[in-house]
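As a plain string of letters, each chain reads:
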Amino acid sequence: MSLRLLVVFVLASAPALGAQTVQENILRDVGFDQKLNADVPLTLVFRDESGKSAPLRDFCPTNKPTILVLGYYGCPMLCTAVLDGLTSCLRVLSLDAGTDYSIVFVSIDPTERSELAAKKKIEYLHAYRRPGTADGWHFLTGDAESIRLLTQSVGYRFIYDPTARQYIHPSGIVLLTPQGKVSKYFLGIDFSARDLRLALVEASQNSIGTLSDQVLLFCYRYDPATGKYGFAVLTAIRAGGVATVLALAVFIFISLRRERRMRLVPAVQTARGHP
């Protein structure tokens, strides 16, 4: 998502601030600082939608990647847009939440409680439309210190406008490896199903996905600047070069073998007394 589009979203969600003030605050205090390969503190304690407190590692399985979404349940527009965009993308994937990956939404508002989280979980499980995936979606709340440490670990910067009583925050999702390391960032509210699938396969250390996914990962590389996968030209050139060399080697081998056979035929005929 471009900065201009993000400004439009924030202006709509924080009308009490002037446009110039909002833009200045966004440029200075709001955004994602990408911290690829950073460790997320999985020992931080949060409450799930049932009100049960547990460390973050309980919601981020050690055998599958996790999609981390930061926002708050009372957000008037942007958080809903992010979750809607993510859910629409996930419905296209053949990979299943709970089986292949986990989704964790964490509220950045320490005053929000589990009742709001429970309502949000019901809403998005219904939107996801896949039975038996409830264990793959987690909607959490926590205290101010846990929220601060978590958001800092992934470079998520946000501010609170006391006049409008709203948070001004960036939009996007963060992919974590099964070990709790930051793997990828996808910014904005619209997510590419192909890119997200490749990122999930890569974050899982290839424990999910298909052979075709591995081939695509060979040809495509993640660009942190855009938050997307792009065609890896150098990789493709190298692959093409290897293929060309192999094809040339096979051609030379077949040609030499054919030439050798042609030379042997007259010699054999002469040895047998044929002119």
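Since we're looking at a predicted model, the values are computed, not measured. (Residues numbered from 1 in each chain as written. Predicted model: local features only at pLDDT ≥ 70, side-chain atom pairs only at ≥ 80, totals over all residues. Heavy atoms only, no water.)

### Description of the overall build of the protein chain
Right, on to step 1. Counting secondary structure elements, the protein chain contains eight helices and 13 strands.
Right, on to step 2. Looking at the 275 residues of the protein chain, the share that counts as buried comes to 45%.
Right, on to step 3. Sequence-distant contacts in the protein chain: of pairs separated by 6 or more residues, those separated by 24 or more amount to 71%.
Right, on to step 4. Of the accessible surface of the protein chain, which amounts to about 14300 Å², a share of 59% is contributed by carbon and sulfur atoms. (Helix = DSSP H or I, 4+ residues; strand = E, 2+ residues; numbered from the N terminus. Buried < 20%, exposed > 50% of the residue type's maximum accessible area, 1.4 Å probe, protein only. Contact = heavy atoms within 4.5 Å. Areas by Shrake-Rupley, 256 points an atom, 1.4 Å probe, with all protein chains shown as cover.)

### Details of the sheet that holds strand 4 (residues 66–71)
Right, on to step 1. Here five strands make up an open sheet; going across it, the order is 6-5-4-10-11 and the pairing mixed. The sheet is open, and its two edges are formed by strand 6 (137–140) and strand 11 (182–187), each paired on a single side. Taking the axes of each pair of neighbouring strands and ignoring which way they run, one obtains an average angle of 20 degrees across the sheet.
Right, on to step 2. Pairing of strand 10 (residues 172–176) with strand 11 involves five bridges; the strand directions are antiparallel. Note on strand 11: the bridge partner recorded for Leu176 is Val182.
Right, on to step 3. Helix 3 (residues 78–92) contacts strand 4, strand 5 (102–107), strand 6 and strand 10 of the sheet and is inclined by roughly 160 degrees relative to strand 4. (Pairing = 2+ DSSP bridges. Axes fitted to C-alpha atoms, helices over the stretch in contact; angles between N-to-C directions.)

### A closer look at the nonpolar core
Right, on to step 1. Ranked by size, the top nonpolar core spans 57 residues in total, and within it Leu56, Ile67, Leu90, Ile173 and Leu196 carry the most contacts.
Right, on to step 2. Sequence-distant contacts of Leu196, that is, excluding residues within four places in its chain, are made with Ile67, Leu86, Cys89, Leu90, Leu93, Ile173, Leu175 and Phe186. (Core = buried A, V, L, I, M, F, W, Y, C linked by side-chain atoms within 4.5 Å.)

### Here we look at the packing of aromatic side chains
Right, on to step 1. Inspection of the entire model under this criterion finds ten aromatic pairs.
Right, on to step 2. With a centroid separation of 4.8 Å and 55 degrees between ring planes, the pair formed by Tyr160 and Tyr167 is classed as tilted.
Right, on to step 3. One aromatic cluster in this structure is built from Phe32, Tyr72, Tyr156, Phe158, Tyr160, Tyr167 and Tyr185. (Phe/Tyr/Trp six-rings, centres within 6.5 Å; stacked < 30°, edge-to-face > 60°.)

### Describing the environment of Lys184
Right, on to step 1. One can find Lys184 in strand 11.
Right, on to step 2. Separated by ten residues in the primary sequence, Lys184 and Val174 place their C-alpha atoms 5.9 Å from one another.

### Some points on the pairing of strand 11
Right, on to step 1. Taking burial as the measure, the six residues of strand 11 include five buried ones, the bulk of the element.
Right, on to step 2. Counting the residues that bridge the hairpin from strand 10 to strand 11 gives five residues, and of these Gly180 lies at a positive phi of roughly 85 degrees.

### Regarding the side chain of Thr151
Right, on to step 1. With respect to the helices and strands, Thr151 occurs in helix 5 (residues 144–153).
Right, on to step 2. Excluding residues that lie within four positions of it along the chain, Thr151 makes contacts with Leu70, Ile108, Tyr156 and Phe158.

### Side note on the confidence of the model for the protein chain
Right, on to step 1. Here the protein chain shows a mean pLDDT of 80. Residues at 70 or above account for 67%.
Right, on to step 2. Predicted confidence for residues 1–9 stays below pLDDT 50, and this span has 17 contacts to residues more than four positions away or in other chains.
Right, on to step 3. Predicted confidence is poor over residues 232–239, with pLDDT under 50, and the contacts of this stretch with residues over four places away or in other chains come to seven contacts. (pLDDT = per-residue confidence, 0-100.)

### Some points on helix 6 (residues 193–203)
Right, on to step 1. A large share of helix 6 lies buried, amounting to eight of its eleven residues.
Right, on to step 2. Along helix 6, the residues classified as buried are Asp195, Leu196, Arg197, Leu198, Ala199, Leu200, Val201 and Ala203.
Right, on to step 3. Looking one or two residues beyond helix 6, the residue adopting positive phi is Gln205, at roughly 60 degrees.

### Quick word on the side chain of Ser114
Right, on to step 1. With respect to the secondary-structure elements, Ser114 resides in helix 4 (residues 114–128).
Right, on to step 2. For Ser114, the contacting residues outside a window of four places in its chain are Arg47, Asp48, Glu49, Ser50, Gly51 and Thr141.

### Quick word on unusual backbone geometry
Right, on to step 1. Notably, Arg129 is not glycine yet its phi reads approximately 65 degrees, a positive angle.
Right, on to step 2. Locating Arg129 in the fold gives a position in the loop between helix 4 and strand 6.
Right, on to step 3. In the Ramachandran plot, Arg165 falls in the positive-phi region, its phi being about 55 degrees despite a non-glycine side chain.
Right, on to step 4. Within the secondary structure layout, Arg165 lies in the loop between strand 8 (159–161) and strand 9 (166–168).

### What about the pattern of salt bridges?
Right, on to step 1. The tally for this structure, following the rule as stated, stands at eight salt bridges.
Right, on to step 2. Measuring nitrogen to oxygen at the nearest pair gives 2.7 Å for the salt bridge that ties Asp39 to Lys181. Taken together, the residues Asp39 in the loop between strand 1 (31–32) and strand 2 (45–47) and Lys181 in the loop between strand 10 and strand 11 connect sequence positions 142 residues apart.
Right, on to step 3. Across the pair Glu123 and Lys120 runs a salt bridge, and its minimum N-O distance is 3.9 Å. Of this pair, Glu123 and Lys120 both sit in helix 4, three residues apart, roughly one helical turn.
Right, on to step 4. Relative accessible area serves as the criterion here: at 40%, Glu123 is assigned to the partly exposed category. (Salt bridge = Lys/Arg side-chain N within 4 Å of Asp/Glu carboxyl O.)

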